[in-house]
Structures are given as structure tokens and as C-alpha cells.
Amino acid sequence: MSSPSDHPDHASYRATGFGNRIGWGHRPALLLIDVCTAYWTPGSPLDTSSNPASAASPEVMKRLLAAARGSHIPVIWTQVSYRKGMRDAGLFYAKSKQLDVWEEGNARGYDAVVPGLEPAEGEEVVVKRHPSAFLGRSWRGRCI
């Protein structure tokens, strides 16, 4: 296994000030990305439950969530959501038709939250329509 220092440009990055360690910070937060039944429901086009690590994820997330809430650190959720008719899905939908699992009112219900992994009052929920919840988004000067 290689390390970052094995990269041929490592010395150049270090010399110019890139590649410095930034540490862990002083304000931890828990970020839960796209937690919904689409990933753990047989028959869903996005089902990953046959992978043992994925199948174990909801229970691990529940423990992390309990620890975060018990420590009073911020909890931030992202979720995918599209309006009826996928009108706001853009070209991404042309590429990935299975995105309709998150269409508003979709009868399959794969956008449903996983029991025990529901956002609580006051927790930030970032609704997104593309893979990244962060690209091009202003966080109103807040550091997460």
C-alpha cells in the first residue's frame, strides 16, 4: 500500500505549502448522507443489502447518531428529492433512471427514512438533486 509521500509530486506540494496537515478541528459534527430505505430494501434498484458491510451500516449509523446526540454535536443530513415528474432532475436523470426512487410521491416508498435514523427537530437537512450536497453550495459562512 502506498502513502501520499510516495506520490511523485509530494515534495513539490510540500515545498509550495500544499499537503500540510490540518488536523481534526475543534467542532466535530456527524454527517449522514442519503440515509433511506432505497439502499436496504430488496427489490429497490439501489439495494445494497447483499453486501455485508452495507447491511451492517444502519446499525452502525444508529450508534453514531446516539453518540452524536448524546454529545450535543451537530448532526447534518443530506437527502435526495425530486419533484413529481422528475422535472428538477436534469441531465442526471437521463444518465440514471433509477433516481426516480426519490420522486415525490413515488409509491415504492424507497425515499422513506430508515426506522431509528430520522432527523430530529433542529438538525440540518440538506436536500439535494445531484451526487454532491456540497458542490456550489453556500453554507452561509458556517463551518461544519
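It should be noted that the structure appears before, not after, this text.
Residues numbered from 1 in each chain as written. Predicted model: local features only at pLDDT ≥ 70, side-chain atom pairs only at ≥ 80, totals over all residues. Heavy atoms only, no water.

Caption draft 1: Quick peek at the side chain of Ser-54. Position of Ser-54 among the secondary structure elements: in helix α2 (residues 52–70). When sequence neighbours within four positions are dropped, the list of residues in contact with Ser-54 reads Trp-40, Thr-48 and Ser-49. (Helix = DSSP H or I, 4+ residues; strand = E, 2+ residues; numbered from the N terminus. Contact = heavy atoms within 4.5 Å.)

Caption draft 2: Up close: the pairing of strand β1 (residues 30–33). Alternating residues of β1 divide into Leu-30 and Leu-32, all buried, and Leu-31 and Ile-33, none buried. A crossover links β1 with its parallel partner strand β2 (residues 75–80), the connecting element being α2, and its sense is right-handed. (Buried < 20%, exposed > 50% of the residue type's maximum accessible area, 1.4 Å probe, protein only. Right-handed = clockwise from strand over helix to strand, strands pointing away.)

Caption draft 3: Main features of the nonpolar core. Cys-36, Ala-38, Leu-46, Val-80, Tyr-82, Met-86, Ala-89, Leu-99, Val-101, Trp-102 and Tyr-110 together form the largest nonpolar core, which totals 11 residues. Here Leu-99 is in contact with Tyr-82, Met-86, Phe-92 and Tyr-93, once residues within four sequence places are set aside. (Core = buried A, V, L, I, M, F, W, Y, C linked by side-chain atoms within 4.5 Å.)

Caption draft 4: Examining unusual backbone geometry more closely. The phi dihedral of Asp-34 is positive, around 50°, even though this residue is not glycine. Note that Asp-34 resides in the loop between β1 and α2. When its relative accessible area of 11% is taken as the criterion, Asp-34 is described as buried. Backbone geometry places His-72, a non-glycine residue, at a positive phi of 60°. Its place among the elements puts His-72 in the loop between α2 and β2.

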